Amino acid sequence: MRILVVEDERKTASFVRKALQAEGFATDVCHNGDEALAAASVTPFDAIVLDIMLPGRDGLSVLKLLRARKKMTPVLLLSARGEVNERVEGLNAGADDYLPKPFELSELVARVRALTRRGSENKSTVLSVADLTLDTVTHQAGRGGKKIDLTAREYRLLEFLMRSAGRLCGRMMILEKVWDYDFDPGTNLVDVYVRRLREKIDADFEAKLLHTVRGSGYVLKEQT
Ligand code: CA
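Computed from a prediction, not measured in an experiment: that's the story for all the values here.

## Description of the nonpolar core
For step 1, the next point in the chain: Among the nonpolar cores identified, the biggest contains 27 residues, and Leu158, Ile174 and Leu220 are the most heavily contacted of them.
For step 2, the next point in the chain: Within the residue set of this core, elements represented by two or more residues are strand E6 (126-129), strand E7 (132-135), helix H6 (152-163), helix H7 (171-179), helix H8 (189-201) and strand E12 (217-220).
For step 3, the next point in the chain: Per element, the largest residue contribution to this core is 6 residues, and it comes from H6.
For step 4, the next point in the chain: In this view, Ile174 contacts Leu157, Phe160, Leu161, Cys169, Trp179, Val190 and Tyr218; residues no more than four positions away in its chain are not counted.
For step 5, the next point in the chain: In this structure, Leu37, Ala39, Leu60 and Val62 belong to the second largest nonpolar core, which totals 21 residues.

The structure is reproduced here in structure tokens:
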């Protein structure tokens with residue numbers, strides 16, 4: 001776990017770094033907004049502790065630029081002023097949490113820990129191919145903002161196809177992974193389920209994702 005701390009007050013920055021390091025986080029420190037943007041664009045941090053009041057580019061501006069660049073690293077904002085407006089602006093700009101100064105180091109560490117946990121959950125639970133998404137915790141699928149309900153078996157089939165996206169999945173392989181069959185039952189089970197899945201994920205959309213490879217099987221991929 002690697003954390004970026006952005007704070008111009010060197011004493012505070014040093015306390016925070018030591019507290020995070022003591023908890024096992026690798027911790028980098030930047031003292032202004034431009035440095036922070038440069039660091040965040042080259043290093044994949046697991047969370048950023050971002051002070052709002054910084055010389056030059058302030059924390060809110062750093063946050064907005066990160067989000068505009070699709071950097072979704074969890075951000076904990078710090079502010080000496082603790083004003084409601086600032087907090088709201090920060091949360092609207094995409095901050096994940098907010099801590100007014102002065103704070104207890106133990107509280108900051110606890111919040112950073114919560115953010116990194118949330119971040120790693122996000123990374124591993126949602127599969128996506130083009131605009132099709134599948135949450136492997138809730139089993140909810142969606143496409144283009146529309147929810148798609150799946151039966152348990154349809155879910156397993158879609159999960160397998162999405163994890164294998166771009167690769168040919170033969171019927172036998174699908175029977176093994178989705179039905180736990182190690183023999184060919186001699187039915188068109190797979191084809192029937194693929195058809196049902198297509199009805200749900202492709203029928204209402206112009207760009208088809210689930211393709212038949214004649215005589216071989218299926219592949220889920222974005223058309224190019
Ligand atoms: Ca400051």
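## Observations regarding the coordination of the calcium ion
When four donors bind a metal tetrahedrally, each ideal donor-metal-donor angle is 109.5 degrees, and when six bind octahedrally, the ideal angles are 90 or 180 degrees.
For step 1, the next point in the chain: Here the calcium ion is held by Glu7 (OE), Asp8 (OD), Glu9 (OE), Asp51 (OD) and Met53 (O), and the distances to it run 2.1 to 3.2 Å.
For step 2, the next point in the chain: Taken in sequence order, the residues that donate to the calcium ion follow the motif E-D-E-x41-D-x1-M. In this pair, Glu9 is assigned in the loop between strand E1 (2-6) and helix H1 (10-22) and Asp51 in strand E3 (residues 47-51), connecting sequence segments 42 residues apart.

## Things to note about the domain arrangement of the protein chain
Interface size, as often reported, equals the accessible area lost upon joining of the parts.
For step 1, the next point in the chain: You can read the domains of the protein chain as domain 1 (2-121) and domain 2 (126-220).
For step 2, the next point in the chain: Domain 1 and domain 2 are separated by 40 Å when their C-alpha centres are compared.

## With respect to the sheet that holds strand E9 (residues 146-148)
For step 1, the next point in the chain: Sheet architecture is open: 4 strands sit in the order E6-E7-E8-E9, paired in antiparallel fashion. Two strands bound the open sheet, and with one partner strand each, they are E6 and E9. The average angle at which neighbouring strand axes cross in this sheet is 25 degrees, direction not considered.
For step 2, the next point in the chain: Sheet topology places E7 next to strand E8 (residues 141-143); 3 bridges connect them, and they run antiparallel. Paired with Thr133 across the strands is Gly142, a residue of E8.

## Describing the environment of Val219
For step 1, the next point in the chain: Here Val219 shows up in strand E12.
For step 2, the next point in the chain: Residue classification places Val219 among the buried positions, given a relative accessible area of 7%.
For step 3, the next point in the chain: When the C-alpha atoms of Val219 and Thr187 are compared, they prove to be 20 Å apart, with 32 residues separating the residues in sequence.
For step 4, the next point in the chain: Beyond its immediate sequence surroundings of up to four residues, Val219 is in contact with Gly166, Arg167, Leu168, Leu209, Leu210, His211 and Val213.

About the criteria used
Residues numbered from 1 in each chain as written. Predicted model: local features only at pLDDT ≥ 70, side-chain atom pairs only at ≥ 80, totals over all residues. Heavy atoms only, no water. Core = buried A, V, L, I, M, F, W, Y, C linked by side-chain atoms within 4.5 Å. Buried < 20%, exposed > 50% of the residue type's maximum accessible area, 1.4 Å probe, protein only. Helix = DSSP H or I, 4+ residues; strand = E, 2+ residues; numbered from the N terminus. Contact = heavy atoms within 4.5 Å. Donors = N, O, S within 2.8 Å, 3.2 Å for Na, K, Ca; no water. Domains from an automatic or database assignment. Pairing = 2+ DSSP bridges. Axes fitted to C-alpha atoms, helices over the stretch in contact; angles between N-to-C directions.

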